[in-house]
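One-letter residues, chain by chain:
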Amino acid sequence: MRKTICLLICGALLLGFWGGTEESQFAHAVDSDKCESKSKENEDDGNGEKKLSKFMREKLTNSQLVLEGLMVEDYDMMQKGAKKMIEMSNATEWQVIEGPIFARQSEEFRSAAKQVIKFAKEKNIDGASLSYLHLTMTCIACHKKVNKVLISQR
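Presented here is an overview of the structure given in this document. Since this is a predicted model, take the numbers as computed values, not measurements.

Attention shifts here to the overall build of the protein. Looking only at helices and strands, the protein features 7 helices and 0 strands. For the protein, buried positions account for 42% of its 154 residues. Entry remark: accessible area of the protein is about 9,300 Å², with carbon and sulfur atoms responsible for 55%.

Written as structure tokens, this is what we have:
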């Protein structure tokens, strides 16, 4: 069961990082080279994009902390990463796009992170693993929606 969950998590992460076309990738959040080239064209947008990129990298680092906790069954590590992700989701930098769809995505993200914490406190590795998978899928779904909005605004 644990191997299956691990494979599902790894597969979801791979899809999230390498799925879709290059144009639809969330370059504003993960591709620092594109952010730097844009900053030369428009300094205000570039600074905002660099700040967002740094913020999203921190979110990714905390997500990796949860994943590492799952791999070594360190329940405190899982909780720490998930708690930090909840805190980040309440920050103004998180609000890339305003509106009910993004608000719903953010709430689902926080709910999934809370489930990771709940199962980690119970020392339930399977529950924490499945909750982490759900958390990862909320990230991927949100990035897809944000990408569509950003592409349509170009």
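More follows now that the structure is in view.
Moving on, we come to the side chain of Thr-138. With respect to the helices and strands, Thr-138 occurs in helix α7 (residues 125-153). Among residues more than four places away in sequence, those in contact with Thr-138 are Gln-105, Glu-108 and Phe-109.

The next thing to look at is the nonpolar core. Note on soluble globular proteins: their nonpolar side chains tend to be buried together. Grouped together as the largest cluster of nonpolar side chains are 29 residues, with contacts concentrated most on Val-66, Leu-70, Met-78, Ala-82, Phe-109, Tyr-132 and Leu-135. Breaking this core down by element, the ones donating at least two residues are α4 (43-72), α5 (75-89), α6 (100-121) and α7. The element best represented in this core is α6, accounting for 8 residues. Excluding residues within four positions of it along the chain, Leu-135 makes contact with Met-85, Phe-109, Ala-112 and Ala-113.

A few words now on the packing of α5 against α6. Where α5 contacts α6, the axes come no closer than 9 Å and their chain directions differ by 160 degrees. Judged by the angle between their axes, α5 and α6 are roughly antiparallel. Both α5 and α6 take part in a crossing whose hand is left-handed. Contacts from Tyr-75, Met-78, Gln-79, Ala-82, Lys-83, Met-85, Ile-86 and Ser-89 in α5 reach Phe-109, Arg-110, Ala-113, Lys-114, Val-116, Ile-117, Ala-120 and Lys-121 in α6. Split into classes, the residues belonging to the contact of α5 with α6 amount to 10 nonpolar, 2 polar and 4 charged.

Turning our attention to the pattern of salt bridges. Summed over all chains, the structure comprises 3 salt bridges. A salt bridge links Glu-107 to Arg-110; the nearest nitrogen and oxygen atoms lie 3.6 Å apart. In this pair, Glu-107 and Arg-110 both sit in helix α6, 3 residues apart, roughly one turn of the helix. For the salt bridge of Lys-118 with Glu-122, the shortest nitrogen-to-oxygen distance reads 3.3 Å.

What counts, and at which threshold
Residues numbered from 1 in each chain as written. Predicted model: local features only at pLDDT ≥ 70, side-chain atom pairs only at ≥ 80, totals over all residues. Heavy atoms only, no water. Helix = DSSP H or I, 4+ residues; strand = E, 2+ residues; numbered from the N terminus. Buried < 20%, exposed > 50% of the residue type's maximum accessible area, 1.4 Å probe, protein only. Areas by Shrake-Rupley, 256 points an atom, 1.4 Å probe, with all protein chains shown as cover. Contact = heavy atoms within 4.5 Å. Core = buried A, V, L, I, M, F, W, Y, C linked by side-chain atoms within 4.5 Å. Axes fitted to C-alpha atoms, helices over the stretch in contact; angles between N-to-C directions. Parallel < 35°, antiparallel > 145°, perpendicular 65-115°, else oblique. Left-handed = near helix turned anticlockwise from the far one by under 90°. Nonpolar A, V, L, I, M, F, W, Y, C, P; charged D, E, K, R; others polar. Salt bridge = Lys/Arg side-chain N within 4 Å of Asp/Glu carboxyl O.

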